[in-house]
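Descriptive analysis of the structure
The primary structure of each chain is shown beneath.
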Amino acid sequence: MTTNKKLTPSTALHPIVTPILNVKTETPRNKRFTLSAAPIARIATPGQFMMVWIPGTDEIPMSISNASGDQVEFTVARVGDATTALHKLKPGDLLGVRGPLGEGFVFPKKPKGKALLLVAGGCGTPPILFAATTALETGFAVDVALGATTSEELLFQQPFKELKLRNLVVATDDGSEGIQGTSVDAAAFLLEANSEYAASLACGPEGMLVNLNLLLQKFPIPLQVSLERYMKCGVGLCGHCIIDSKGRRVCHEGPVFDVKTLKNSDFGRWTRDSTGKRHPVNPTDTTCPS
Ligand SMILES: Cc1cc2nc3c(=O)[nH]c(=O)nc-3n(C[C@H](O)[C@H](O)[C@H](O)COP(=O)(O)OP(=O)(O)OC[C@H]3O[C@@H](n4cnc5c(N)ncnc54)[C@H](O)[C@@H]3O)c2cc1C
Ligand code: FES
């Protein structure tokens with residue numbers, strides 16, 4: 001079974017201008033925004049994203065952290081100009097949103113008695129919350145490895161607890177909550193008890209995704225990773241987010257990729273800044289890029 005659905009070109013290219021319905025402070029760095037955007041909410045799948053236009057500031061990519069009924073949510077870490085401008089907005093203020101964009105996670109056909117291992121690191125947690133909710137609704141057993149730098153930056157611990165997860169293992173870099181370590185250490189902890197997963201779905205800093213891929217080499221568990229690259233158009237036109245010689249674009253063929261298809265790509269090696277200049281990815285850096 002696949003949860004991917006075709007893009008709706010009208011909402012991918014032309015923003016829906018819509019008021020913010022609710023803003024919730026989730027951590028000192030993260031706020032969750034709820035919007036009314038039925039054409040996006042009705043077809044969005046976990047791992048897809050939206051281009052969010054902040055009038056007078058910028059348009060930036062944001063993963064969908066939930067979609068239900070006519071409402072869609074995204075969760076913003078304050079890192080620079082656009083995200084700071086977003087954090088200042090209140091219910092009633094207007095935003096433009098285009099989407100849902102890209103290809104999300106593909107749930108495997110459900111092999112009886114198997115589960116999914118979802119791994120979320122810091123800034124990568126929003127799409128994993130949406131994936132966990134959808135996977136449970138689809139009938140999978142779900143284990144989540146959730147990591148952050150400190151306990152106060154642990155995102156969505158409460159919403160994850162409210163889901164009927166089979167296991168939730170938390171890790172913090174400073175050991176202020178759960179295991180001391182990263183979400184990859186939390187995943188290793190889960191794998192010690194049970195390695196019978198149909199797939200692993202992950203989002204977070206690229207160093208974390210590289211380490212998770214290394215860990216999963218020891219297990220026959222297919223891994224899908226959601227990548228982050230600097231985006232301009234968000235719909236495959238400008239080529240800014242190309243990650244390999246085949247011309248695959250993170251905004252169009254991704255942001256979720258089967259890690260096996262990333263062997264000869266920039267994954268874990270190169271990223272680009274807003275000017276297009278390439279910079280090496282530091283695979284030992286497990287903090288969020290932005
Ligand atoms: C598919 C996708 C989904 C995303 N989902 C979310 C989400 O759910 N929540 C969230 O908070 N953020 C998400 N991001 C990241 C978010 O888009 C950036 O943090 C945002 O664009 C930064 O804008 P800014 O103007 O505030 O910061 P800027 O001033 O533009 O940048 C601040 C710093 O972050 C770096 N940076 C900015 N964007 C990126 C990037 N894409 N990759 C690497 N470095 C970058 C800049 O080089 C700079 O050092 C996502 C990005 C992508 C590509
Ligand atoms: S951002 Fe333009 S092709 Fe991906």
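Shown above is the structure to which this text applies.
Residues numbered from 1 in each chain as written. Chains lettered and ligands numbered in written order. Predicted model: local features only at pLDDT ≥ 70, side-chain atom pairs only at ≥ 80, totals over all residues. Heavy atoms only, no water.

Structural notes on helix α7 (residues 206-216)
When you tally the buried positions in α7, you get 9 out of 11 residues, the bulk of the element. Looking only at α7, the buried set comprises E206, G207, M208, L209, V210, L212, N213, L215 and L216. In this fold, the buried residues of α7 make contact with β8 (115-121), α6 (183-193), β12 (197-203) and β13 (223-226). (Buried < 20%, exposed > 50% of the residue type's maximum accessible area, 1.4 Å probe, protein only. Helix = DSSP H or I, 4+ residues; strand = E, 2+ residues; numbered from the N terminus. Contact = heavy atoms within 4.5 Å.)

Considering the sheet that holds strand β10 (residues 167-172)
Reading across the sheet, the 7 strands line up as β11-β10-β9-β8-β12-β13-β14 and stay open at both edges, with mixed pairing between neighbours. With partners counted over all chains shown, the strands left at the sheet margins are β11 (179-180) and β14 (256-258), one partner each. Two elements, β13 and β14, share 3 bridges in a ladder whose sense is antiparallel. Pairing of Q224 across the sheet is with D258, part of β14. Packing of α6 onto the sheet brings it into contact with β8, β9 (141-148), β10, β11 and β12, and relative to β9 it is tilted by some 145°. Across the face of the sheet, α7 comes into contact with β8, β12 and β13 while running at roughly 165° to β12. (Pairing = 2+ DSSP bridges. Axes fitted to C-alpha atoms, helices over the stretch in contact; angles between N-to-C directions.)

Observations regarding the side chain of E206
With respect to the element layout, E206 can be found in helix α7. Residue classification places E206 among the buried positions, given a relative accessible area of 12%. A distance of 2.7 Å separates polar atoms of two side chains, one belonging to E206 and the other to R229. If we ignore the near neighbours within four places in the chain, the residues touching E206 are L227, E228, R229, D266, F267, G268, R269 and V281. (Polar contact = N/O pair within 3.5 Å; in protein donor to acceptor, adjacent residues only side chain to side chain.)

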